[in-house]
Every structure is written in structure tokens, then in C-alpha cells.
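Geometric and topological summary
What follows is each chain in one-letter form.
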Amino acid sequence: MLKMKNINKVYQTEKVQTHALRDFSLDVEEGEFIAVTGPSGSGKTTFLNIAGMLEPFTKGQYLLDDVDVGTLSDNQRADLRNQKIGFIFQGFNLIPDLNLYENVEVPLRYRGIKSAERKRRIENCLEKVGLASRAKHLPQQLSGGQQQRVAIARALAGEPRFLLADEPTGNLDSLMARQVMELLEDINREGATIIMVTHDAELARRAPRNIQVVDGQLADFTLYQSRPSGVVTPANVAVEA
């Protein structure tokens, strides 16, 4: 579904080169739930931005559903992003003057989806995140956890192939964070592919697959098995450099 091979990202100023990603390689299969961790400045956000086609890479190959992203024009990348990818951000990014229904509707209007189809998707997605009865509420009338649920509904309404979540629980208390994580797990069980960047070790452990980005490179902790003693240890650790 998503294949990156030897992706490099270099930020260049007049005097300094910063290597954000170095020969970064990753394969993501359909239906996976991956947690991405790593220290600040390690390249996690750069990876997520490249995966979401929000910024270009310097060198390497990125295939999304067998489409070579590096060969596309800006407009073609935007079209592919709109068709395939849903984004969930730490800051919710809701429009304060619009109610929940209208917030979920905005990206659908930009895509030219007809009114009846918009209504079906919005109602289904607000129902899925447990906020159908709040459709006419404004964002400021909700808790932080509820606002993040609206942001998830907005991402789901586009019917994306996969979701990219950047610190989706970063602005929430621990209870709300667990509730949002449970919602993402439910969405994943329904078939969505999810890549989630997080600093929360507890939430990362709940994802079936964990990758860690360090100095722009990838450590992939893919398979885990339970020993008879009940201690869970890594069964396979592959380091890609």
C-alpha cells in the first residue's frame, strides 16, 4: 500500500545542510496500525509530511498504491492526497464559527461531492465517533476529546485509504487520550490503515506495530510474541539504515 525506499530529506540554507531523513525505508500493508515514536527532532514529522505528500523528498522512491509519488506534479499530488489520505492533527483545526456538521462538510465541499452524498457521509461519521446528537453544536461547546472526535469524523468523511495522525492525543488528558485511542482502534478494526506519531509510550504500545525514528533513520519493532511466563518480548527487530 505504502512503500518508501531510501528516502532522503535535506533542508538547505546558505550555510547549513540538515539531513532530516537518511535512507529511510518502510513498507506499510493495508489494514496496519503503526505507532511512530522517537525523540524531538528525529524526523518523525518530516516522515509524516512526506507520507501525506505535504512536502517533497530530496532523493529516493515513494509508492502509494503503486503510484510513484516522485513523478507527480503538484496538482496530481494534491488530487492523490485528497483521494487517499485523511489527516488528524494535534490541534484539531476546527473552524470556530461553524458547527460540527459544517466542519466535517468543508473538505467534502472542496471536493465537489453532491449534497445528498455529503449528508450521508457526515451523518455516518458523526454517528461513528459518537457525536451525532451534537451536530449543531459549535466546537467551543465541546471538550477537547470531543473536538478531536470531530476532527476524526472530518478525516473519515473523505473515505481515505489511510489515516495519518500527528500526536492526536497530545492536547488531551489521559482519560480522553485513551478514549480517542480506543476510537482509532475501532476504526482500524473496520479496515482503515493508520500511521500515528505519538510521544505517549502507553498508547504506542497498544499499536500492533511500532517503529522508532532516530536521527532520520528507522528502527522497526514489527513482531511481538508472548513467552510462557507472560513476558512480552520482541520476536523480530529489523533496523533499516
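All of these numbers come straight from a predicted model, not from anything done at the bench.

What counts and how
- Residues numbered from 1 in each chain as written.
- Predicted model: local features only at pLDDT ≥ 70, side-chain atom pairs only at ≥ 80, totals over all residues.
- Heavy atoms only, no water.
- Helix = DSSP H or I, 4+ residues; strand = E, 2+ residues; numbered from the N terminus.
- Rg over C-alpha atoms; globule rule 2.2 N^0.38 Å.
- Buried < 20%, exposed > 50% of the residue type's maximum accessible area, 1.4 Å probe, protein only.
- Contact = heavy atoms within 4.5 Å.
- Areas by Shrake-Rupley, 256 points an atom, 1.4 Å probe, with all protein chains shown as cover.
- Lys, Arg positive; Asp, Glu negative; His and termini not counted.
- Charge placed at Lys NZ, Arg CZ, Asp CG, Glu CD.
- Pairing = 2+ DSSP bridges.
- Axes fitted to C-alpha atoms, helices over the stretch in contact; angles between N-to-C directions.
- Core = buried A, V, L, I, M, F, W, Y, C linked by side-chain atoms within 4.5 Å.

**Some thoughts on the overall build of the chain**
For the chain, the count of helices and strands is 7 helices and 11 strands. For 241 residues, the compact-globule estimate of 2.2 N^0.38 gives 18 Å, and the C-alpha radius of gyration of the chain, at 19 Å, lies within 12% of that figure. The buried share of the chain, taken over its 241 residues, is 47%. Here the contacts in the chain between residues at least 6 apart in sequence split such that 67% fall between residues at least 24 apart. Carbon and sulfur atoms form 47% of the exposed surface of the chain, whose accessible area is close to 12200 Å². In the chain, 29 positive and 31 negative side-chain charges are present, and the distance between their average locations comes to 2 Å.

**A few points about the sheet that holds strand S5 (residues 67-68)**
In space, the 4 strands of this open sheet follow the order S2-S1-S4-S5, with antiparallel pairing throughout. Of all the strands in the sheet, the pair left with one neighbour each is strand S2 (17-28) and S5. Sheet analysis places strand S4 (residues 59-64) next to S5, joined by 2 bridges and oriented antiparallel. Bridging from a neighbouring strand, Leu64 pairs with Val67 of S5. The strands that helix H1 (residues 44-51) touches are strand S1 (2-12), S2 and S4; relative to S1, the one it contacts most, it runs at about 120°.

**A short note on the nonpolar core**
Within the largest apolar cluster, 38 residues are counted, with the highest numbers of intra-cluster contacts made by Ile152, Leu184, Ile187 and Met196. Those elements that provide at least two residues to this core are strand S3 (33-37), helix H3 (100-110), helix H4 (115-128), helix H5 (144-157), strand S7 (162-166), helix H6 (174-189), strand S8 (193-197) and helix H7 (201-206). With residues up to four places along the chain from it excluded, the contact list for Ile152 reads Ile88, Val129, Val180, Leu183, Leu184 and Ile187. Grouped together as the second largest cluster of nonpolar side chains are 30 residues, Leu2, Val36, Phe47 and Leu80 included.

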